[in-house]
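# Working through the structure, step by step
Spelled out, the chains give:
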Amino acid sequence: MNSVSTQVHLRSRPTGWPTERNFSLETVSLQPPRAGEVRVRNEYISVDPYMRGRMNDVKSYIPPFALNEVMTGGAVGRVVESSDDALSPGDAVLHFQGWRDVAQGPAEQFTRLSPESPDIPLSAYLGVLGLTGLTAYVGLLTIAEFTEGDTVFVSGAAGAVGSIVGQIAKIKGAGLVVGSAGSADKVRRLTDSYGFDAGFNYHDGPVRDQLADAAPDGIDVYFDNVGGEHLEAAISRLRDGGRAALCGAISTYNSTERTPGPSNMANLVTRGLMLKGFTVGNYTEHQPEFTREMSGWLAAGRINWDTTVVEGIENAVEAFLGMMHGKNTGKMLVRTGAAD
Ligand code: NDP
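For the structure given in this document, a descriptive report is provided here.

Reading guide: rules and limits
Residues numbered from 1 in each chain as written. Predicted model: local features only at pLDDT ≥ 70, side-chain atom pairs only at ≥ 80, totals over all residues. Heavy atoms only, no water. Helix = DSSP H or I, 4+ residues; strand = E, 2+ residues; numbered from the N terminus. Buried < 20%, exposed > 50% of the residue type's maximum accessible area, 1.4 Å probe, protein only. Contact = heavy atoms within 4.5 Å. Core = buried A, V, L, I, M, F, W, Y, C linked by side-chain atoms within 4.5 Å. Domains from an automatic or database assignment. Expected span 1.5 Å × (residues − 1). Phe/Tyr/Trp six-rings, centres within 6.5 Å; stacked < 30°, edge-to-face > 60°. Pairing = 2+ DSSP bridges. Axes fitted to C-alpha atoms, helices over the stretch in contact; angles between N-to-C directions. Near = heavy atom within 4 Å. Polar contact = N/O pair within 3.5 Å; in protein donor to acceptor, adjacent residues only side chain to side chain. Areas by Shrake-Rupley, 256 points an atom, 1.4 Å probe, with all protein chains shown as cover. Nonpolar A, V, L, I, M, F, W, Y, C, P; charged D, E, K, R; others polar. Parallel < 35°, antiparallel > 145°, perpendicular 65-115°, else oblique.

Excluding glycine, residues mostly have negative phi values, and the peptide bonds linking residues are mostly trans. Located in the positive-phi region is N68, a residue other than glycine, with phi close to 60 degrees. Take N68: it is sitting in the loop between α1 (50–54) and β4 (75–82). Residue class for N68 comes out partly exposed when judged on its relative accessible area of 43%. One non-glycine residue, W99, lies in positive phi territory at about 60 degrees. One can find W99 in the loop between β5 (92–95) and β6 (102–106). Residue classification places W99 among the buried residues on the basis of a relative accessible area of 0%.

So, in structure tokens, the structure goes:
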């Protein structure tokens, strides 16, 4: 039984882009689980854009990571030792003790994934069936108030959230779905695999021009994962009564200075536009409905979802930085593969 945990600690707070030097890999000995505790061997840990904000010493909707301590984040794994009746060795669990290969703590911090389906790998609970999928679902349907027939534009469209947004929009009867992404391969994936009607590479020219070409009659909904130039371009293309769900602004996360907002906010007044931000944690009441619908779509083969997997806890920082640089298609995960 593994009695050590290999973990990624935050050593210093990054300025601008993080580097490997901001982190360290530590091996920590674990005491046997006390009454009410379980030990879990993680199989996958999640690296997510919001974690960049937690590396800063800034109060937000979620506290910053503590210096010289293991970071946290979503993870899935299996119980290997249990001193609690609620969980048994072999149980698959979802929890928040990521950035390590072996997790341990009170059983109530670990949610049993049940029933397990052979068609649904554990990794899905960190992506399409997890908070990523819920973010896409809530952002499109509740925040942006999607209506059948809408023309939808999604940025970060080949990523974890974006790739699901486009597919939900199509399933729910969107008129036209356009996505932007950072490479020709990703743009091909949008139309070949995720059912988008059109896509463009935002490196190929101004977003505003490429969006106008792809959706010449304008858009009704913008799902914003990127902020910056994308948001400004979308505001200029939103039709009267258009709505935007502000999900994230990854183009700004490593900025060292405050980034200016869109210069064309007057359009909100003249066209009656709505821009609404959200964090998925405030919308968990939609979880049951989301799980029911998404499970049905997956069973019917109506949703394609990708993972980009980096092997080994020792490469978790590389995975995180790679995700921030666009090396992922779909959800970026680290397979931790702790040995017994
Ligand atoms: P992704 O899987 O989309 O990975 C991040 C992607 O961002 C990269 O693959 C890269 O793709 C793209 N990117 C990086 N820099 C830029 C840039 N300067 N301009 C445009 N695109 C860029 O991550 P997630 O799906 O997990 O998250 C997507 C967004 O949703 C993030 O902004 C995140 O913070 C937000 N989010 C918000 C939640 C909420 O509750 N509000 C919950 C979950 C996520 P490319 O190659 O295309 O550039």
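Summarising burial for helix α9 (residues 316–324): eight of the nine residues are buried, a large majority. The set of residues buried in α9 consists of A316, V317, A319, F320, L321, G322, M323 and M324. If you follow the buried residues of α9, they end up packed against β1 (4–10), β2 (23–29), β3 (37–46), α1, β14 (307–311) and β15 (331–335). Just downstream of α9 lies G326, where phi reads positive at about 90 degrees.

By the element assignment, D192 lies in helix α4 (residues 184–192). A C-alpha to C-alpha distance of 24 Å links D192 and G322, two positions 130 residues apart in sequence.

Moving on to the nonpolar core. Residues L140, V152, I168, F223, M294 and I303 are the most contacted members of the largest nonpolar core, which totals 47 residues. Of all the secondary structure elements, the ones that give two or more residues to this core are α2 (131–143), β8 (151–154), α3 (160–171), β9 (176–181), α4, β11 (219–224) and α8 (287–299). Of the residues that make up this core, three or more belong to each of domain 1 (4–127 + 305–335) and domain 2 (132–282). Dropping the residues within four chain positions of it, I168 is found in contact with A136, Y137, L140, L141, M294 and W297. Counting residues in hydrophobic clusters, the runner-up holds 22 residues, among them V47, M71, V310 and A319.

With 12 residues, α3 should reach 16 Å at 1.5 Å per residue; the first-to-last C-alpha distance of 17 Å fits that figure. Those residues of α3 that fall on the buried side of the exposure criterion are A160, V161, G162, S163, I164, V165, G166, Q167, I168, A169 and I171. After α3 finishes, the residue G173 shows a positive phi value of roughly 95 degrees.

To continue, consider the packing of aromatic side chains. Centre-to-centre distance and the angle between the planes together describe a pair of aromatic rings. Throughout the structure, instances matching the rule amount to seven aromatic pairs. Measuring from centroid to centroid gives 5.9 Å for F153 and F200, while their planes differ by 20 degrees, and the two rings are stacked. Of the two residues, F153 is situated in strand β8 and F200 in strand β10 (residues 198–201); the sequence distance between them amounts to 47 residues. For F153, a relative accessible area of 0% gives the class buried. Through a chain of ring-to-ring contacts, three or more aromatic side chains come together here, namely Y137, F290 and W297.

With parallel pairing, the six strands of this open sheet are ordered in space as β10-β9-β8-β11-β12-β13. Of all strands in the sheet, those bounded by a partner on one side alone are β10 and β13 (274–277). Neighbour-to-neighbour, the strand axes of the sheet open up by a mean angle of 15 degrees, direction not taken into account. Across five bridges, the pairing between β11 and strand β12 (residues 238–246) is parallel. The residue bridging Y222 from the neighbouring strand is A244, located in β12. Packed onto the sheet, helix α5 (residues 207–214) meets β8, β9, β10 and β11 and runs at close to 160 degrees relative to β10.

Close to the ligand lie 25 residues; K186, Y202, Y253, V280 and N328 are nearest. A distance of 2.8 Å separates a nitrogen atom of the ligand from a polar backbone atom of F278. A total of 910 Å² of accessible area belongs to the ligand in isolation, and the protein chains cover 87% of it. Its residues assigned to classes, the shell around the ligand comprises 14 nonpolar, 10 polar and one charged.

Interhelical geometry of α2 versus α8 gives an angle of 105 degrees and a closest axis separation of 10 Å. As far as their axial angle goes, α8 and α2 are roughly perpendicular. Across the interface between the two elements, G133, L134 and Y137 from α2 touch Q287, E289, F290, E293 and W297 from α8. Tallied by class, residues from the contact of α2 with α8 come to four nonpolar, two polar and two charged.

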